[in-house]
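# Results of the structural survey
Here's the letter readout for the chains.
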Amino acid sequence: MRSPRPTRRRGPRRFAALLLSVAAALLLPTASPAGAAAPPPVPGTLQGYDIGSVFSAGVSSGGYMATQLHVAYSGTFEGSAAFASGPYDCARGQLATALNACMDTTQNLQLAALEQATRDRSAQGQVDPVANLAGDPVYVFSGSGDTTVKRPVADALADYYGRFGARVQYDRSTAAGHAWITPLGPNSCTVTQTPFLNNCGIDAERALLGHLFGSVAAPGSGTGGSLIRFDQNAYAPGGSAAALSMGTEGFAYVPAPCAQGARCKLLVALHGCKQGYAYQGFGTRFVENAYLNEYADTNDMIVLYPQAAPTATLENPNGCWNWWGYLGDTAYARHGGKQIEAIMGMVRALRGTGTPPPTGDRTVLSSTDAEDGYVKAAADGSGPAVGTLEDVYGFALGRGTDGKVNRSVVSFDTSRIPAGKEVTRAWLTLTRSSGSGDPWASPAGNRLQADLRTGCFGGCAVEPADWSAAATVADAARVDAFTSGSTVSTDLSAEALAALNRGGVTQFRLGFSSAPTGTAYLFVNQATPVTLTVAYR
């Protein structure tokens with residue numbers, strides 16, 4: 001495994017929707033082209049395989065997402081390939097910037113500022129150490145006929161990676177339109193139209209895989225493995241892929257040698273706008289015609305095809321990947337980004353390091369408002385008192401301006417978990433209300449953890465003694481740093497799952513493992529309850 005990887009030395013809304021439609025080259029879908037020979041999808045789940053190295057690749061919005069994955073989790077991803085896209089977090093959370101600087105060139109994309117923002121995020125732990133990028137292979141493709149993401153934007157992507165010491169191979173030799181370039185493409189090279197799969201008379205997959213892997217064997221038939229169709233809800237933070245603008249179904253091509261235990265590579269392949277399975281009947285055309293399964297058969301490579309999906313609202317009608325912060329996800333390009341974390345959950349499952357998805361049902365429990373609250377005390381636990389600002393700001397966590405350290409208690413009626421069911425997985429969901437400073441970095445490496453109590457810590461209503469009362473299971477789950485919106489905890493530990501009170505109340509105490517050294521705090525769940533999602537079979 002490569003995470004964490006050591007440092008290496010190596011050489012108005014309607015108008016916005018209209019703009020999005022134009023930018024993504026809105027055209028009526030054409031008849032489905034003849035696809036490559038490919039096995040039909042079979043229902044299944046993502047299982048663990050012997051995976052040594054992980055890479056990302058994508059086109060257009062998928063190219064931006066491929067870069068986001070690589071930069072945010074460079075301890076996991078060893079390289080990346082991008083067709084027709086620009087540098088990391090080019091949009092900076094603004095749709096207008098995405099359109100005018102990161103697709104068109106009417107606005108300066110400010111590459112130096114993007115570089116510095118990446119370095120700042122690395123220093124703050126919001127992305128993996130940028131030192132990991134040094135020496136990583138990166139493949140960039142831009143066609144001179146691409147008027148959707150113009151050439152200078154792709155130039156900036158190559159330049160961006162170069163600033164971190166990556167080994168960039170940049171193909172700008174064709175007049176390609178805005179598309180994924182593949183020998184199986186039904187479109188001629190220069191056009192920009194559905195299905196955005198263009199044949200330019202070159203084997204771009206050989207080039208990109210050869211650069212990422214160092215060498216590549218000739219392709220096979222693309223029929224020597226299984227194409228698995230799996231449920232993406234199992235990996236979506238909060239349990240709903242649709243809430244993230246992702247499809248219910250995702251796909252993974254697993255060659256026979258990988259299924260039989262061979263050491264394999266993993267490529268996460270990300271389609272562009274209007275290329276997702278759920279977009280207007282597009283189906284598996286990208287999966288079948290990207291010319292990756294053929295190389296997978298002969299190069300011991302699993303290909304994961306996550307699927308974005310269009311929203312019924314004007315947020316993302318073309319089913320693009322989130323590279324400008326739609327649906328309020330301000331963490332979209334870093335740790336905690338909802339789509340990023342969903343994909344990382346899939347990667348971990350394929351590597352055998354994640355929690356297997358549930359095979360049954362789930363129940364979402366809201367915390368009991370009358371029993372929720374927070375307690376403040378000195379760092380040593382002395383002088384505890386119940387906090388009084390819950391109705392104004394929410395539940396406090398960390399050290400406030402009064403110097404007191406805050407912990408929050410939330411209560412759930414876990415007797416609502418259906419009797420006779422085996423609990424397979426559970427997690428908490430929190431929504432940030434406000435805050436100041438970074439308690440996860442004060443001191444460095446600080447952890448926000450959830451202690452579990454079978455029953456109540458004392459009386460079920462919050463009381464001062466809850467600050468230090470004994471837990472049934474300490475550190476039952478953890479919550480990674482997040483600066484806005486909602487986030488999910490890690491899965492509850494096996495010990496914590498067993499300690500859930502199936503006959504009554506289970507309480508969780510949220511608090512930082514170390515008292516922040518200065519004022520650094522956040523408030524959570526001012527307007528919405530904390531939830532506990534329990535999966536079972």
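Our structure is the block above this text.
Fair warning: this is a prediction, and the values are worked out from it, not measured in the lab.

All right, on to the overall build of the protein chain then. Across its full length, the protein chain holds twelve helices and 24 strands. For 537 residues, the compact-globule estimate of 2.2 N^0.38 gives 24 Å, and the C-alpha radius of gyration of the protein chain, at 24 Å, lies within 12% of that figure. By the burial criterion, 56% of the 537 residues in the protein chain qualify as buried. In the form shown here, the protein chain has an accessible surface area of approximately 19,400 Å², with 51% of it arising from carbon and sulfur atoms. The average position of the 40 basic charges and that of the 41 acidic charges among the side chains of the protein chain differ by 4 Å.

Turning to the pattern of salt bridges, a few remarks are in order. Under the counting rule described, the total for this entry stands at 14 salt bridges. In this structure, Asp-155 engages Arg-172 in a salt bridge whose closest nitrogen and oxygen atoms are separated by 3.5 Å. On the criterion of sequence distance, the pair formed by Asp-155 in helix α5 (residues 151–162) and Arg-172 in the loop between β5 (167–171) and β6 (180–181) is long-range, its members being 17 residues apart. Between Arg-478 and Asp-475 there is a salt bridge, and its shortest N-O distance comes to 2.6 Å. Using a relative accessible area of 34% as the deciding quantity, one classes Arg-478 as partly exposed. Taking the relative accessible area as the measure of exposure, Asp-475 reaches 22% and is therefore partly exposed. When salt bridges with common partners are traced through the structure, they connect Glu-115, Arg-119, Asp-159 and Arg-163 into a single cluster.

Further remarks concern the sheet that holds strand β8 (residues 197–199). Read from one edge to the other, the open sheet built from three strands follows the order β6-β8-β7, with strand pairing classed as parallel. Each edge of the open sheet is held by one strand with a lone partner, namely β6 and β7 (187–188). The pairing of β6 with β8 spans two bridges and is parallel. By the bridge assignment, Trp-180 is partnered in β8 with Leu-197.

The next subject is the packing of aromatic side chains. For any pair of aromatic rings, the description rests on two quantities: the centre-to-centre distance and the angle between the ring planes. In the structure shown here, the tally under the stated rule is 21 aromatic pairs. Judged by centre distance (5.3 Å) and plane angle (45°), the rings of Phe-83 and Phe-141 are tilted. Residue Phe-83 is found in strand β3 (residues 77–83), and its partner Phe-141 is found in strand β4 (residues 137–141); the two are separated by 58 residues along the sequence. Per residue, the accessibility class of Phe-83 equals that of Phe-141, and both read buried. Each ring, one from Trp-323 and one from Trp-324, has its centre 5.8 Å from the other, and the planes form 90°; the classification is edge-to-face. Each of the two residues, Trp-323 as well as Trp-324, counts as buried. Among the aromatic residues, ring-to-ring pairing joins Phe-83, Tyr-139, Phe-141, Trp-180, Phe-286 and Tyr-305 into one connected group. Over the face of the ring belonging to Phe-213 we find Lys-265, whose NZ or CZ atom lies 4.9 Å from the ring centre. Lying over the aromatic face of Tyr-73, Arg-348 brings its terminal NZ or CZ to 5.9 Å of the ring centre.

What follows covers the nonpolar core. Counting residues in hydrophobic clusters, the biggest one holds 74 residues, and the most contacted among them are Leu-46, Leu-69 and Leu-304. If near-sequence neighbours (up to four positions away) are discounted, Leu-46 is found in contact with Phe-230, Tyr-235, Ala-252, Leu-304, Met-346, Ala-349 and Leu-350. Formed by 37 residues, the second largest nonpolar core is a distinct cluster that contains Phe-196, Phe-251, Ala-296 and Met-301.

Another aspect to go through is the packing of helix α2 (residues 61–72) against α5. Between α2 and α5, the shortest axis-to-axis distance is 13 Å and the interhelical angle comes to 10°. Taken together, the axes of α2 and α5 lie roughly parallel to each other. From α2, Tyr-64, Thr-67, His-70 and Val-71 reach across to α5, where they touch Val-153, Leu-157, Tyr-160 and Tyr-161. Split into classes, the residues belonging to the contact of α2 with α5 amount to six nonpolar, two polar and no charged.

Procedures and definitions
- Residues numbered from 1 in each chain as written.
- Predicted model: local features only at pLDDT ≥ 70, side-chain atom pairs only at ≥ 80, totals over all residues.
- Heavy atoms only, no water.
- Helix = DSSP H or I, 4+ residues; strand = E, 2+ residues; numbered from the N terminus.
- Rg over C-alpha atoms; globule rule 2.2 N^0.38 Å.
- Buried < 20%, exposed > 50% of the residue type's maximum accessible area, 1.4 Å probe, protein only.
- Areas by Shrake-Rupley, 256 points an atom, 1.4 Å probe, with all protein chains shown as cover.
- Lys, Arg positive; Asp, Glu negative; His and termini not counted.
- Charge placed at Lys NZ, Arg CZ, Asp CG, Glu CD.
- Salt bridge = Lys/Arg side-chain N within 4 Å of Asp/Glu carboxyl O.
- Pairing = 2+ DSSP bridges.
- Phe/Tyr/Trp six-rings, centres within 6.5 Å; stacked < 30°, edge-to-face > 60°.
- Lys NZ or Arg CZ within 6 Å of the ring centre and 35° of its normal.
- Core = buried A, V, L, I, M, F, W, Y, C linked by side-chain atoms within 4.5 Å.
- Contact = heavy atoms within 4.5 Å.
- Axes fitted to C-alpha atoms, helices over the stretch in contact; angles between N-to-C directions.
- Parallel < 35°, antiparallel > 145°, perpendicular 65-115°, else oblique.
- Nonpolar A, V, L, I, M, F, W, Y, C, P; charged D, E, K, R; others polar.

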